[in-house]
Amino acid sequence: MGGIPAQLGREFWQALAWPLGAAAPAPAAPALLVVLPALAFVLAGLSLRRRPGLAAGLAIAVTAWSLVASARLFLTVRLLNGELVASYTWVAAGGVRLEAGFAVNPLTAAMLLVVAAVSLLVQVYSTAYLAGDPGYSRYFAYLSFFTAAMFGLVLSPNLFQLYVFYELVGLASFLLIGFWHEEPGPVAAARKAFVTTRLGDFGLLLGILLLYWHARTLDFTRLAWLAPELDPAVLRLVALLIFAGAAGKSAQFPLHVWLPDAMAGPTPVSALIHAATMVAAGVFLVARAFPLFAPAVAGRLPLLVVAAAGAVTSFLGATAATAQDDVKRVLAYSTVSQLGLMMLGLGAQSSTAAVFHLITHAFFKSLLFLGAGAAIRRCHHEQDIWRMGGLARPMPLTALAFAVGGLSLAGVPPLSGFYSKDAILLAVLEQARGSRPHAAFLTVGLAVSALTAFYLARLFFLIFTGAPQEEGPVSPGRAHRPGPAPREAAAAPPAMTVPLLLLAVPAAVLGYFGQRLLPVKEHLNQTLAGGTTALALAGIGAAWLLYGRRRPARDPLVAALGPVHRLLRSGYYLDDLYTRLGNYLVRGLAATLHRFDRTAVDGLVNGVAGVVLLSGRTLRRVQGGWVQRYLLYLVAAVFLALAAWLWHGLELYPAGGMGRW
Amino acid sequence: MVTAMVFAPLAAASLLLLLPANRRLAIRVVAALASGLSLALAVYLCFAYDQRLGGVQFLTRLRWIPVLGAFYLVGADGISLAMVLLTALVLFAGVFASWRMEERDKEFFVLLLVLVTGVFGVFVSFDLLLFLSFYELAVIPMYLLIAVWGSTRKEYAAYKLTLYLLAGSVLLILGVILVYFSTGMLTFDFLAISGLRFDPALQRRLFPFLFLGFAVLVPMWPFHTWSPDGHAAAPTAVSMLHAGVLMKLGAYGVIRVALTLFPTAARAWSPLIAALCTVNILYGAYVALAQKDLKYVIGYSSVSHMGYVLLGIASFTAAGLTGAVFQMFSHGVMTGLFFALVGHVYAQAHTREIAALGGLAKAMPVAATTFAIAALASLGLPGLSSFVAEVLVFFGAFRRFPALAVLGIAAIVVTASYILRTTQQVFFGPPQERYAGAKDARTVDLVGLFLLLGVLVGFGLLPQPLVGLISTGVQPLVTRMGGMP
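### Quick notes on the overall build of chain A
Helices and strands together make up the secondary structure of chain A, namely 26 helices and two strands. Across the 661 residues of chain A, 56% fall into the buried class. Across chain A, every contact between residues at least 6 apart in sequence was considered, and the portion connecting residues at least 24 apart equals 79%. In the form shown here, chain A has an accessible surface area of approximately 26,200 Å², with 68% of it arising from carbon and sulfur atoms.

Right under this line is the structure:
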């Protein structure tokens, strides 16, 4: 049998075998990156509910395939030094044509590799972390869904498809934050994340609509060509709206409040989605749409806004991170801060530096989260760093990996974070010549460097050094979460330590090699590099003095900073502010409108209805009672009236005849 | 073919009248077979329709009341077919959702089938008198179905609904009669009438009658309050048909009659219509946020979602109109799903008060998952058909009314907020002791649920077949209106 199904089948198998060494070119391979995890999601969700092992195995096998395929795609586009593109019409109605397809270029291929690699390691890690959870298959189904959506996002050849998958990764995030859906905390956090990021997506959608009717295309390649010919005023607005979308997903001020709460999800999810990949989607979005942000086509404003939002966010996140007691909240604010730094890089016109930092950050931040997860699990889901401690002895590998990740993020040479962060600061420095705002941004960037080193060292000292703390009672809400079996209490199981060690490798060396592999043009500026290194060491030193030398009973910063500490701890009271605003504006307005609907709009109608009902009752008494009959009379009356009209009309217009019949 | 599809439910209803009321399985089987037959015919028609040819196909013309120039004239174009398919789907699912109906079930199914014949008839009539007759045939059984089998203030809701709709009907009848005499042809043949070009001054006077008469049914703000009350009071299958299909009669009428006959007047009125339906969208979403009864949440969400339909229509663009019809289809399927599930929850938990529910996902995982997917459709998640519909409406509306479109699109945030809150409060959270015995959806329920779910996902992933079908119906209309692509 020939025909389309057979053709599709042949292409499917060719594409499936392609990364394993088949020589024939397989144009469908990038599409399979989305299709295979989606199939794994459906299968795991539907038929494998009672066979959790199989669900996990399927997810991991698919992701492993994706990793190989991504690697091969990466090499192919590097070899071609070009782009693999395919685009098909998805919906066409009137003047609107929406396309779907894929585009593989060095930027997207690098993203694919990062997503596949981190996904794979997180999935392997999760087999141990989630072992014994009743929702095990559901968890892996959601993870597969996320992988599919994230690949779809990265591969998007146009802004519309990117928006589609932007929403879908948002759903994956929602499902996984609220994975433990019987606990109220995660459920509320999931909703907050979805609604807050949707506020940004709303902006992105408006940007897409405006851009489409102006440029008549949403294709990135075509837009890059067209951009210089478009109206700069429109493009400025479009760029700002796109940035709103990026700010929602990448947790930029003022839309960052959902990310610390998102830590209510399982820790591997925090590592994968809320540290390494999805939250970086906003940065990726701006980098992908970068031609629309160019000062030559959109004016200086958009990139200045991007840089300012990045600087504010990164400072706000770094300062708030120093005052958190929950290990995951420290890391979450750290992510907020680092995403701000990436945005600052974009704002300084260096998308290369921003993407470079995005990639290194994906590795060391997921490493930090997975390391923290191992510690949390060993402490029976205790996340308060003041009730952890001395864990370096029972879990030395975890401590080692955590230290590598921390030093890398702190920017200590020659680890990865050092290179990528310096690339960003260097870009800002270049802009700072002759631009006062950028000079301020540079100062912020330097301050953030010191603060980053400080809070990471604080975290390490309190969790891994000092005397072990007494274990308190497990908080009741988390009692059902799977913990370590007694026999493995000594150290984390290999399924957890191996991914940690594998992540430590890129966290350590990717910066050095990446500098050569990726087209990072910037050279190291020795003064800048020396300065940031000194700042990082100063931050670590300060943390050692406060927390490392001798473990204090409580945080000395609480007394020293007083109200400022409370301000930082609450994340600048923004959560409270938003909650109140939400209550007054949204709920209050809703309640008012509801009353208005019941009284004003409906009252008018009920008044009329009351009169009719009264006459209805009277009639009923006369007629002896059937509502149906009353209604029948009503209808009959209407038709009688109709007949009368017609009769009347016929007499009025006798000459009109009977039409054509 | 069209005739067979329209009258299959009526034939089944007559057959049911002959069956004794205690043959309960037989009653259900007859109802299911008739609705299944209608569904099969609707699907067949969608495939048989020649999209390249376009226009009204499958025409049957019989003399009905020659003295008035009224015909039995039925046929279908792309818009009719989308609506017919929707009706058949919701009816089929609705029969299965009413499988366990206890009280006076024979009469219930008879009325349900009569109502659906009316609905089918409206969508395929190309004669104005026939159109109105079918229209009344759809509205009247609704009164009985709610007043007899309903819940919460059922008499009040039934009266309110019927009065509103009859008030609308009076306007329609007046409007149609005025059209009848103003053509000078004395015919109700819509194909002939729509070939005329009405004088703009006349259009401006006639348009409000026909538009308002239909807009009440959409329901357009501020004539919407009958609909949440009606939804809440109606029994499950009736809620499904009511929100899923009946409200579409209004929007269909606006497109088919008001817009087709009076394009110039419609264009003049469209800014006001766009403004009112933006109120619909935002107002409905906000009021839904304040509701405590699960059915009222869905009811007000319908008010909000139907606002998108009117917004698409008012945009006067091909994309917007196609989106509007797609939204009618997709909203119908989605609401059908919602009400089927709310009915199931109510049957198991004996309450619809959101605050009293919670943690039901443990006892009914399948129902919870299905509800969650319907909720995601409601908030316009990509991959589900509502997204396609809303996006097309947004594209169209943004082109013509950017400011209003921005307000309308802003509702996606509010919608996400109330729909997630509702879903989470009902199904998530700690499982409650008293609902431990609640049963999940069973095989009979699953037939309808999975059918609707499949449509929602299927057209969400691959919308073009339906979009193309609808476009063939929309395109001539846009040309006629001189609208934008």
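### Some points on the overall build of chain B
Along chain B, the regular secondary structure elements total 19 helices and two strands. In terms of overall dimensions, chain B has C-alpha extents of about 70 × 55 × 40 Å along its principal axes. When contacts within chain B are restricted to residue pairs at least 6 apart in sequence, those whose partners lie at least 24 apart make up 82%. Of the accessible surface of chain B, which amounts to about 13,500 Å², a share of 68% is contributed by carbon and sulfur atoms. On chain B, the mean spot of the 29 positive side-chain charges and the mean spot of the 18 negative ones are 4 Å from each other.

### Things to note about the packing of aromatic side chains
A complete count under the given rule lists 44 aromatic pairs over all chains for this structure. Ring geometry for Tyr139 of chain A versus Phe140 of chain A: centroids 5.4 Å apart, planes at 85 degrees, classification edge-to-face. Of the residues examined, Phe140 of chain A reaches a relative accessible area of 0% and is grouped as buried. Both rings, one in Tyr180 of chain B and one in Phe188 of chain B, keep their centres 4.3 Å apart while their planes meet at 15 degrees; by these two values the pair is stacked. Pair check on accessibility: Tyr180 of chain B and Phe188 of chain B agree, each one buried. Aromatic ring contacts, followed pair by pair, group Tyr136, Tyr139, Phe140, Phe179 and Trp180 of chain A into a single cluster. The ring of Phe71 of chain B has Arg61 of chain B sitting right over it, with the charged end atom 5.5 Å from the ring centre.

### Details of the interface of chain B and chain A
Counting residues at the interface gives 84 residues for chain B, matched by 72 residues for chain A. Across the chain B/chain A interface, buried area totals approximately 7,000 Å², and carbon plus sulfur atoms make up 75% of it. Taken as a group, Tyr159, Phe181 and Phe395 of chain B account for 10% of the area that chain B buries against chain A, more than any other trio of residues on that side. Scanning the region where chain B abuts chain A turns up one salt bridge. With a closest N to O distance of 3.3 Å, Arg598 of chain A and Asp229 of chain B form a salt bridge. One can count 14 residue pairs in polar contact (both at pLDDT 80 or more) joining chain B with chain A. For the side of chain B that touches chain A, the leading source of residues is helix H6 (residues 154-183) of chain B, giving twelve residues. In the side of chain B that touches chain A, the residues fall into 60 nonpolar, 14 polar and ten charged.

### Digging into the layout of surface pockets
Taken as a whole, the second largest pocket spans an internal volume of roughly 1,000 Å³. Within the residue set of the lining of the second largest pocket, elements represented by two or more residues are helix H7 (184-215) and helix H25 (574-623) of chain A together with helix H11 (263-289) and helix H17 (402-427) of chain B. If you tally residues by element for the lining of the second largest pocket, the top one is H25 of chain A, at nine residues. In terms of residue class, the lining of the second largest pocket is made up of 18 nonpolar, five polar and six charged.

### Some details on the pattern of salt bridges
Residues and elements named next belong to chain A. One pass over the full model with this rule turns up 18 salt bridges over all chains. For Lys249, the salt bridge goes to Asp201, with nearest N and O atoms at 3.9 Å. Of the two residues, Lys249 sits in helix H9 (residues 232-249) while Asp201 sits in helix H7, which places them 48 residues apart along the sequence. In this structure, Asp555 and Arg458 form a salt bridge, with 2.8 Å as the shortest nitrogen-oxygen distance. Of this pair, Asp555 sits in the loop between helix H22 (526-548) and helix H23 (556-561) while Arg458 sits in helix H20 (residues 436-464), placing them 97 residues apart in sequence. Residues Asp555 and Arg458 agree in their burial class; the two are buried. One salt-bridge network, in which partners are shared between bridges, spans Lys192, Asp261, Arg329 and Asp575.

### So, the environment of Ala362 of chain A
All names here are of chain A. Here Ala362 lies in helix H17 (residues 351-378). Note: C-alpha distance between Ala362 and Val279 (83 residues apart in sequence) is 9.9 Å. Excluding its chain neighbours within four sequence positions, the residues that come into contact with Ala362 are Val114, Val118 and Ala276.

### Focus on helix H8 (residues 200-215) of chain B
All names here are of chain B. The end-to-end C-alpha separation of H8 is 21 Å, in line with the 22 Å expected for 16 residues at 1.5 Å each. The largest bend in H8 amounts to roughly 35 degrees and is located at Leu206, with the proline Pro208 lying one to four residues further along. Inspection of H8 places Leu202, Gln203, Leu206, Phe207, Leu210, Phe211, Gly213, Phe214 and Ala215 among the buried residues, and these make up the whole buried set. Where H8 is buried, its residues contact helix H5 (128-149), H6, helix H10 (236-261) and H11.

### Examining the pairing of strand S1 (residues 84-93) of chain A
Looking along a regular strand, one sees side chains alternate from face to face of the sheet. Residues and elements named next belong to chain A. By the bridge criterion, nine bridges tie S1 to strand S2 (residues 96-104) in an arrangement that is antiparallel. Among the inter-strand pairings, Tyr88 is bridged to a residue of S2, identified as Ala100. Between S1 and S2, which pair antiparallel in sequence order, lie two residues; one of them, Gly94, sits at a positive phi of approximately 55 degrees.

### As for the packing of helix H2 (residues 24-48) of chain B against helix H4 (residues 105-124) of chain B
Residues and elements named next belong to chain B. Two numbers describe how H2 lies on H4: the axes approach to 10 Å, and their chain directions differ by 10 degrees. Relative to H4, the element H2 is oriented roughly parallel. Contacts between H2 and H4 involve Arg24, Ile27, Arg28, Ala31 and Ser38 from the former and Asp105, Lys106, Phe109, Leu113 and Phe120 from the latter. Residues of the contact of H2 with H4, tallied by class, amount to five nonpolar, one polar and four charged.

### Notes on the side chain of His344 of chain B
All names here are of chain B. You can see His344 is positioned in helix H13 (residues 318-349). Among the residues examined, His344 registers a relative accessible area of 8% and is labelled buried. Residues within four places of His344 in sequence aside, it is in contact with Met364, Ala367, Lys439, Asp440, Ala441 and Asp445.

### A few points about the confidence of the model for chain A
All names here are of chain A. Residues with a pLDDT of 70 or more make up 85% of chain A, whose mean pLDDT is 84. Taken as a whole, residues 619-626 scores under 50 in pLDDT and shows six contacts with residues more than four places along the chain or in a different chain. In the model, residues 648-661 has pLDDT below 50 throughout and makes 23 contacts with residues more than four positions away in sequence or in other chains.

### Description of unusual backbone geometry
In this structure, the amide linkage connecting Pro413 of chain A to the following residue, Pro414 of chain A, adopts the cis form with an omega of 5 degrees. In this structure, Pro414 of chain A sits in the loop between helix H18 (396-410) and helix H19 (416-432). Following Trp221 of chain B, the chain continues into Pro222 of chain B via a peptide bond in cis, with omega recorded as 0 degrees. Within the secondary structure, Pro222 of chain B is located in the loop between H8 and helix H9 (226-233). A positive phi angle is found at Asn81 of chain A, which is not glycine, with a value near 55 degrees. Mapped onto the elements, Asn81 of chain A comes out in the loop between helix H3 (52-80) and S1. The exposed category is assigned to Asn81 of chain A, whose relative accessible area is 67%. You will see that Ala251 of chain A, though not glycine, has its phi angle at about 50 degrees, which is positive. On the secondary structure map, Ala251 of chain A appears in the loop between H9 and helix H10 (258-261).

### Some details on the confidence of the model for chain B
Of all residues in chain B, 99% have pLDDT values of 70 or greater, and the mean over the chain is 88. The ipTM, which scores confidence in the relative placement of chains, is 0.93 for this predicted complex, and the corresponding pTM is 0.90.

### Thoughts on H9 of chain B
Since one α-helical turn is 3.6 residues long, residues separated by three or four positions face the same way. Among the eight residues in H9 of chain B, eight count as buried, and that is most of the element. Along H9 of chain B, the residues that are buried comprise Trp226, Ser227, Pro228, Asp229, Gly230, His231, Ala232 and Ala233 of chain B.

### Some details on the packing of helix H12 (residues 281-288) of chain A against H17 of chain A
The axes of two packed helices give the description: the angle between them and the distance between them. Residue and element names in this part refer to chain A. Relative orientation of the contacting elements H12 and H17 amounts to 155 degrees, with a least axis distance of 10 Å. By the criterion of interaxial angle, the relationship of H12 to H17 is roughly antiparallel. Where H12 crosses over H17, the two elements pack in a sense that is left-handed. Packed against H12, whose contacting residues are Val283, Phe284 and Ala287, the element H17 presents Ser351, Ala354, Val355 and Leu358 at the interface. Tallied by class, the residues present in the contact of H12 with H17 amount to six nonpolar, one polar and no charged.

Cut-off values and rules
- Residues numbered from 1 in each chain as written.
- Chains lettered and ligands numbered in written order.
- Predicted model: local features only at pLDDT ≥ 70, side-chain atom pairs only at ≥ 80, totals over all residues.
- Heavy atoms only, no water.
- Helix = DSSP H or I, 4+ residues; strand = E, 2+ residues; numbered from the N terminus.
- Buried < 20%, exposed > 50% of the residue type's maximum accessible area, 1.4 Å probe, protein only.
- Contact = heavy atoms within 4.5 Å.
- Areas by Shrake-Rupley, 256 points an atom, 1.4 Å probe, with all protein chains shown as cover.
- Lys, Arg positive; Asp, Glu negative; His and termini not counted.
- Charge placed at Lys NZ, Arg CZ, Asp CG, Glu CD.
- Phe/Tyr/Trp six-rings, centres within 6.5 Å; stacked < 30°, edge-to-face > 60°.
- Lys NZ or Arg CZ within 6 Å of the ring centre and 35° of its normal.
- Buried area = accessible area lost by both parts, 1.4 Å probe.
- Salt bridge = Lys/Arg side-chain N within 4 Å of Asp/Glu carboxyl O.
- Polar contact = N/O pair within 3.5 Å; in protein donor to acceptor, adjacent residues only side chain to side chain.
- Nonpolar A, V, L, I, M, F, W, Y, C, P; charged D, E, K, R; others polar.
- 1 Å grid on protein atoms, 1.4 Å probe; cavity = no way out; pocket = protein on both sides within 12 Å on 5 of 7 lines; lining within 4 Å.
- Points joined across faces, edges and corners; volume = space filled by probe spheres on them.
- Expected span 1.5 Å × (residues − 1).
- Bend = angle between axes of the 7 residues up to and from the residue.
- Pairing = 2+ DSSP bridges.
- Axes fitted to C-alpha atoms, helices over the stretch in contact; angles between N-to-C directions.
- Parallel < 35°, antiparallel > 145°, perpendicular 65-115°, else oblique.
- pLDDT = per-residue confidence, 0-100.
- Left-handed = near helix turned anticlockwise from the far one by under 90°.

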